[in-house]
Amino acid sequence: MSALQGVFLNHQPIAVFDSGLGGLTVLRALREHLPQEDFFYFADTRFLPYGDRPEVFLRERGVLIAEALVRRGAKALVIACNTATAAAAEAIRAAIDLPIVALEPGVKPAVALTRSGTIGVLATTRTLASERFQRLVGIHANGCRVIAQPCPGLAEAIEAEGPDSAAISALLDNFISPLVAAAADVVVLGCTHYPWVAAKIARRMPAGTILLDTGDPVARQLERLLAAGNLLGGGAGRLTVATSGAPASVIATVDRLLGKKLKIEHWEP
Ligand code: DGL
C-alpha cells in the first residue's frame, strides 16, 4: 500500500462483524485499546444463530458481508465471531484486500496455563465441528486433554432474554458440568457471546478456574496490523452500530447487555 493511500485510508472506520451482539465484547477491548479509531459494528441478526448454520452458507454470507464492508470504506476488518472465522476466514482473506483479524478459540494460551492438563472449550456446534478447530487442537494441544463442549441455544438465549434469564442458567448447568467432571482448570470462551455470561460460568467452576476470552490479544493484533500498514489513528472514537435485523429489537438487547441505548441503523450488505 502506498503512503498516500495510507494517509487517505487512516480516516476510515474499522469494520467489526458478528452474527449478533456477541462481538460487542470484542469491540469493548478494541475501543479501549485504540481510542483514536472509528468503528463500524455490524450485527448480522437476521441470520443469528450462525452456530447452527451450514458451513457453505456461512462462507458465502461472510464473503458477501466483507465485500460490502470494503465498499462502505472500511480500512480493516475484525471477524468478531469464532463461527464465522471457522467457516469463512480463508474465503474472506482470498476475496478482499484489507488487514483482517479473525477470532478463534484460545486453545494455545489455555494449554500454556493449565496445571491439571485438561482444558475446556465452550463454542458453537459449527465452530467445534470445523476442520479449522480440529487443526488448532492438533497443533496446540501438546498432550493436554481438550473437552470441546458445544453450547447450542446459548447465543440466542443471550440475545433474546439477556444474561440473567433462567433459561441461561439451565443451559449453563448442562454445558458446564462435563468440564467440572473432567477437572478442567482453564475454560476457553470460544464464542464472543459467552463473555456476557462469564460470571455465571465462573460460578459453576471450582474457585481458581481461569476463563479465557480473546478480546485483548485481538486488539493488540489489530494494532500491529494497522501500524504495519501505516493505518493507525485518524479517527475520533466514533461508533456506528448496524444490524441486518430490526433495529428496535437490537436496541432492547443492547440496553439489556450494556445498560445503555445506542442508535442502531438497519443495513443490508
Ligand atoms: N458469536 C458467535 C461466535 O463467536 C456465534 C454465535 C452464533 O451462533 O450466532 O461464534
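Everything numeric in this text was worked out from a predicted model, so none of it was measured. By convention here, each chain's residues receive numbers from 1 onward along its written sequence. Local features in a predicted model are, by the rule used here, given only for residues with pLDDT of at least 70; side-chain atom pairs are given and counted only at 80 or more, and totals for whole chains, interfaces and linings are based on all residues. With hydrogens and water set aside, each side-chain value is computed from the structure's full complement of heavy atoms.

*Asks:* Would you take a moment to explain the overall build of the protein chain for this structure?
*Replies:* Within the protein chain, the regular secondary structure consists of 12 helices and 10 strands. In terms of C-alpha radius of gyration, the protein chain reaches 18 Å, essentially the compact-globule figure of 18 Å for 269 residues. Principal-axis analysis of the C-alpha atoms gives the protein chain an extent of 55 × 40 × 35 Å. The buried label applies to any residue whose accessible area, calculated with a 1.4 Å probe on protein chains only, is under 20% of its type's maximum; exposed applies above 50%, and partly exposed to all values in between. Counting all 269 residues of the protein chain, 55% fall into the buried class. Here the open area of atoms and residues is found with the Shrake-Rupley method and a 1.4 Å probe, where only the protein chains shown may cover a residue. On the protein chain, roughly 11400 Å² of surface is accessible, and the fraction owed to carbon and sulfur atoms is 54%. Looking at charge distribution, the protein chain has the averaged site of its 26 positive side-chain charges lying 2 Å from that of its 25 negative ones. The way it works is that DSSP assigns letters per residue, a run of H or I at least four long becomes a helix, a run of E at least two long becomes a strand, and they are numbered from the N terminus. For the radius of gyration, the atom set is restricted to C-alpha positions; the globular benchmark scales as 2.2 Å times the number of residues to the power 0.38. This count recognises Lys and Arg as positive and Asp and Glu as negative, with His and chain-terminal groups excluded. Where a charge lies is defined by one atom per residue type: Lys uses NZ, Arg uses CZ, Asp uses CG and Glu uses CD.

*Asks:* So what exactly am I meant to see when it comes to the site of the ligand here?
*Replies:* Looking at the ligand, there are 14 residues lining it, with S19, Y50, G51, T83 and T192 nearest. Definition of a polar contact: a pair of N or O atoms within 3.5 Å, with one able to donate and the other able to accept a hydrogen when the atoms are protein atoms, and with sequence-neighbouring residues admitted only if both atoms are side-chain atoms. In the model, an oxygen atom of the ligand is placed 2.7 Å from a nitrogen or oxygen of the Y50 main chain. G51 has a polar backbone atom sitting 2.8 Å from an oxygen atom of the ligand. Protein chains bury 99% of the 300 Å² of accessible surface belonging to the ligand in isolation. Buried and open spaces are told apart on a 1 Å grid over the protein atoms alone, a cavity being a set of points where a 1.4 Å probe fits but cannot get out and a pocket being an open set with protein on both sides within 12 Å along at least five of seven lines. Residues with an atom within 4 Å of a point are the lining residues. Think of it this way: a molecule belongs to a cavity or pocket when more than half its atoms come within 2 Å of the grid points there. Taken atom by atom, the bulk of the ligand overlaps the largest cavity. The residue makeup of the shell around the ligand, split by class, is six nonpolar, seven polar and one charged. Note on definitions. A residue lies near a molecule or strand when any single heavy atom of the residue is within 4 Å of it. Only Asp, Glu, Lys and Arg are considered charged in this grouping, and only Ala, Val, Leu, Ile, Met, Phe, Trp, Tyr, Cys and Pro are considered nonpolar; every other residue, Gly among them, is considered polar.

*Asks:* Would you mind showing me how to read the pattern of salt bridges here?
*Replies:* Side chains carrying opposite charge are able to pair once their charged atoms draw close together. We define a salt bridge as a contact between a side-chain nitrogen of Lys or Arg and a carboxyl oxygen of Asp or Glu at a distance within 4 Å. Enumeration over the complete set of coordinates arrives at 13 salt bridges. We note a salt bridge from R132 to E104, for which the minimum N-O separation is 2.9 Å. Of this pair, R132 sits in helix α7 (residues 131–140) while E104 is found in the loop between β4 (100–102) and α5 (107–113), placing the two residues 28 residues apart along the sequence. The closest approach of N and O atoms between K200 and D164, which form a salt bridge, is 3.6 Å. Placement of K200 in helix α10 (residues 198–204) and of D164 in the loop between α8 (154–161) and α9 (166–181) is noted, with a sequence separation of 36 residues between them. By relative accessible area, K200 is classed as buried at 10%. A cluster of three or more residues bridged by salt bridges with shared partners is formed by D44, R46, R61 and E268.

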